[in-house]
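# Notes for the structure review
Here is how the chains run, residue by residue.
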Amino acid sequence: MIANIISRQSYTLSDTLTVVQYSISCDSDYGGKSQIVLARKPVAAEDDFVLLNDGGIVFQGIISAIENEKDHSGYTITLLEMQTLFDQKIVLADESFLQTGIEDFIAAQIRRNWIMNEDQLVNIGYLNVTTKTHTPIAAKVDVEDGGIYNLCTYIGNALTNYGIFVDFRFDGEHLEITIEKREQTPLLIDTRIPQVINLTEQIEVKALTKLTVVWQKTVNEVTTESIRHFFLRTDRTITENMHDPDRAKGTTDVIVSKAEDEATMIQEARDKFTGNSYNHKIEFDLVLRSKLIDATDIYVGHKCTVKTASGIRDSIITATERANSSSVVSVKLGNLKVTLIEKLKGVEKKK
């Protein structure tokens, strides 16, 4: 594997090296930290870009650390995912673009804050952003006080909730950013096949099938409150018909919506059902030579239908990890958060 290092400051190739070891980690929150080991000191700096090529581009990342242990010739570079280029809090603007497409909204935010910022020193002049699809949504952006939010976090949520991918391509004079909703055929995963090993499964709750929305709508400083009930159908659509013969069985929940219009309120309800459907964690290792599951289909954001001993459920690939020293790729499905106990166990393992 070859590592090409591109200077973030000048957008030129600064070094090309052979990779001795690598471990590539990606996740839907863009918190994956990959590492490569090089035989000599690279011509590189923190925040530079690295392209890993093994007969084709297998990973692109941003340097977060360059380390060399005493009395060792090898250098270890830690890489963050490319989407962390936008790991920054910004002030919400251009929200009206959501009516055209969530892709257009993300593109507008990148242009406003990284390409055409009034502060010229923060602009990255070689960025070029393109939208290939347009997916209108009614949901408003979840912001902190003052209308502040993190664009990288928002992009991760757009991937999980709406299947919106933000991809990067180093091309000539520009770093091309493409934003699109991909047409996906759900990946069928049967975890009982021999090529799937080290399976663990954790389910937090049954599926959310009834959601009560307390809608507090404010018009001309006058707030009115109404209550709406939404029900999940067996085909994964939602209805307000309590007597629908295709209603699914499960748990109930209540949320408060301050949406300005009905479409936004309904979108908030849909997002709640979507998020709950991934409230599980299924982890396993897939043998790379498996002929039943193509390794190229194992990527973060790929929707899937997974079969385990506990049943069949819709899910999404939220993390992958592979290394040259291993014959398997580690896969995580679902977005159930790591508990404090699991985090502490992870710390103990690293000691």
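For the structure, see preceding data.
Throughout what follows, the structure given in this document is the object of discussion. Position numbers for residues start from 1 in each chain and track the written sequence from start to end. Thresholds applied to this predicted model are a pLDDT of at least 70 for local features of residues and 80 or more for the giving and counting of side-chain atom pairs; totals over whole chains, interfaces and linings are not thresholded and use all residues. The basis for the side-chain values is all heavy atoms of the structure; hydrogens and waters are excluded.

## Observations concerning the environment of Leu98
Assignment of secondary structure puts Leu98 in the loop between strand 7 (89-91) and helix 1 (102-115). The spacing of Leu98 and Leu286 is 188 residues in sequence and 38 Å in space, taken between C-alpha atoms. Here, two residues are considered to be in contact whenever any of their heavy atoms come within 4.5 Å of each other. When residues no more than four places from it in sequence are discounted, the contact partners of Leu98 are Phe105, Thr135, Pro136, Ile137, Ala139, Val141 and Tyr154. The helix and strand labels rest on DSSP assignments: H or I over at least four residues marks a helix, E over at least two residues marks a strand, and numbering proceeds from the N terminus.

## A short note on the sheet that holds strand 11 (residues 174-181)
Two strands pair if DSSP finds at least two bridges between them. A sheet is described by the order of its strands in space; here three strands give the open sequence 8-11-10, paired in mixed fashion. Only two strands of the sheet have a single partner each, and these edge strands are strand 8 (127-131) and strand 10 (164-171). Direction aside, the axes of adjacent strands within the sheet are offset by 20 degrees on average. Of the strand pairs in this sheet, strand 8 and strand 11 are connected by five bridges, and their pairing is parallel. Looking at the pairing, Val129 lines up with Ile177 of strand 11. Angular values range over 0 to 180 degrees, each being the angle between N-to-C directions of two axes fitted as lines to C-alpha atoms, with helices fitted over their stretch in contact.

## Concerning the pairing of strand 6 (residues 75-81)
Only protein chains enter the calculation, and the probe is 1.4 Å; a residue is then buried if its accessible area is under 20% of its type maximum, exposed if over 50%, and partly exposed in between. Here strand 6 lies mainly inside the structure; five of its seven residues are buried. The sheet contact formed by strand 3 (residues 33-38) and strand 6 spans six bridges and is antiparallel. Following the sheet pairing, Ile36 is matched in strand 6 by Ile77. When strand 5 (residues 57-67) meets strand 6, the two strands line up antiparallel, connected through six bridges. Paired with Ala65 across the bridge in strand 6 is Thr78.

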